Amino acid sequence: MTGTLTRPVEVGARPPDPTDQPPTEGIRPLRRLGLRKAVPFSRMTGVVLLLVVWAIGSGAGWIDDRKLSAPWTVVTSAVELVAEGTLQQHILASLSRAVLGFVIGCVIGTALALASGLTRTGEALIDGPVQFKRAIPTLGLIPLLILWLGIGETFKITVIALGTVVTIYIQTHNALTALEQRYVELAEVLALTRAQFVWKVVLRGALPGFFLGLRLAVTGAWLTLIVVESINAVSGLGKMMFNAQNYGQPDVILVGLLVYGIFGLASDAGLRLVERRALAWRKTLGG
């Protein structure tokens, strides 16, 4: 048991004046913690710094041009490849493979996640094999897929799709099965039917996880693409880079890496924009 100790007031003593202020001399002002307001384009500071160091090192001769070409050499090579039409040809070939494999993987992965996350039978039949596949690296299946499909375009698109399927499935299935109990109780109070509950509560609640899966999958698709394009590819950014390796052209390799980076960032930014618009309804609910 605890009590509150009070100091007795002396008779005749002057009551405390509420206007009296404690001394502030020598007291440090309270420092606000937390993240400061973001500065526009502040994330580019590190990139610009790396470019400056790279340029200085190349200009001063500290970096061997045979191993890492100077920035201006890379820009010149990119302009020449564009003028010849070579870069556009490789970009179109890579984009067709990446987009087709990504779309096929998204459709299959989403369908499997819905069947497994919304039904007990689907979970019993689907979740185990997909989880087992997740433990096997997709690139580790390349020797077996070559035996089955050969080394043509079907093989390359299949490898990209397989990696996309697992990523989409894991994120979407987790979002479907991790629904908060308070939403289930609210649906019961509102007497929603099973179909209404799935459509208005479960699927909408799983959208953030689904979009996270999309963003991870599109990154994985670009990573897988550069590997499969090194296997008997006639065209593509990966083929261009491996040819440059054989001929000792680091500037062309850097051009390919730059294009990969641009497409990776652009695809992720596009998905984030779609995600913000698709989940705009959450702001009205205070989510």
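Bear in mind that the values here come from a model prediction, so they are computed numbers and not experimental data.

> I'd like a description of the nonpolar core, backed by residues and values.
If you look at the biggest cluster of nonpolar residues, it comprises 33 residues, and the most contacted ones within it are Leu87, Leu214, Leu225 and Leu237. Within the residue set of this core, elements represented by two or more residues are helix H2 (71-84), helix H3 (86-118), helix H5 (142-149), helix H6 (153-177), helix H8 (194-228), helix H9 (237-246) and helix H10 (250-278). Of the residues forming this core, the biggest block, 8 residues, is contributed by H8. If we skip the residues at most four places from it in the chain, Leu237 touches Leu87, His90, Ile91, Ser94, Glu229, Val259 and Tyr260.

> I'd love a proper account of the pattern of salt bridges, names of residues and values included.
Taken as a whole and judged by the stated rule, the model has 5 salt bridges. With its nearest N and O atoms 2.8 Å apart, the salt bridge here joins Glu229 to Arg97. With Glu229 in the loop between H8 and H9 and Arg97 in helix H3, this residue pair connects regions lying 132 residues apart in the sequence. The class for Glu229 is buried, based on a relative accessible area of 0%. Residue class for Arg97 comes out buried when judged on its relative accessible area of 3%. A salt bridge links Arg215 to Asp268, with the nearest nitrogen and oxygen atoms 3.0 Å apart. Highlighted residues: Arg215 in helix H8 and Asp268 in helix H10, separated in sequence by 53 residues. For Asp268, a relative accessible area of 18% puts it in the buried group. Salt bridges here are not isolated pairs; linked through shared partners, they connect Arg97, Glu153 and Glu229.

> Hey, could you go over the UniProt feature "transmembrane region" (unreviewed entry) in the chain for me, with residue numbers and the actual values?
The UniProt record annotates "transmembrane region" (unreviewed entry) at residues 41-63, 91-114, 135-151, 210-232 and 252-274. With 47% helix and 0% strand, residues 135-151 has end C-alpha atoms that lie 24 Å from one another.

> Requested: an account of the packing of aromatic side chains, with residues and values cited.
One pass over the full model with this rule turns up 3 aromatic pairs. Ring centres of Phe210 and Phe211 lie 5.7 Å apart, and the angle between their planes is 65 degrees; this geometry places the pair in the edge-to-face category. In this structure Phe211 comes out as buried when scored by relative accessible area, which is 7%. Measuring from ring centre to ring centre gives 6.1 Å for Trp222 and Tyr260, while their planes differ by 80 degrees; the resulting arrangement is edge-to-face. Here Tyr260 lies in helix H10 and Trp222 lies in helix H8, a separation of 38 residues in the sequence. Neither residue differs from the other here; Trp222 and Tyr260 are each classed as buried. Feature note: the residues Trp222, Tyr260 and Phe263 constitute an aromatic cluster, connected by ring pairs.

About the criteria used
Residues numbered from 1 in each chain as written. Predicted model: local features only at pLDDT ≥ 70, side-chain atom pairs only at ≥ 80, totals over all residues. Heavy atoms only, no water. Core = buried A, V, L, I, M, F, W, Y, C linked by side-chain atoms within 4.5 Å. Buried < 20%, exposed > 50% of the residue type's maximum accessible area, 1.4 Å probe, protein only. Helix = DSSP H or I, 4+ residues; strand = E, 2+ residues; numbered from the N terminus. Contact = heavy atoms within 4.5 Å. Salt bridge = Lys/Arg side-chain N within 4 Å of Asp/Glu carboxyl O. UniProt positions renumbered as here; feature names shortened; annotations may be inferred. Phe/Tyr/Trp six-rings, centres within 6.5 Å; stacked < 30°, edge-to-face > 60°.

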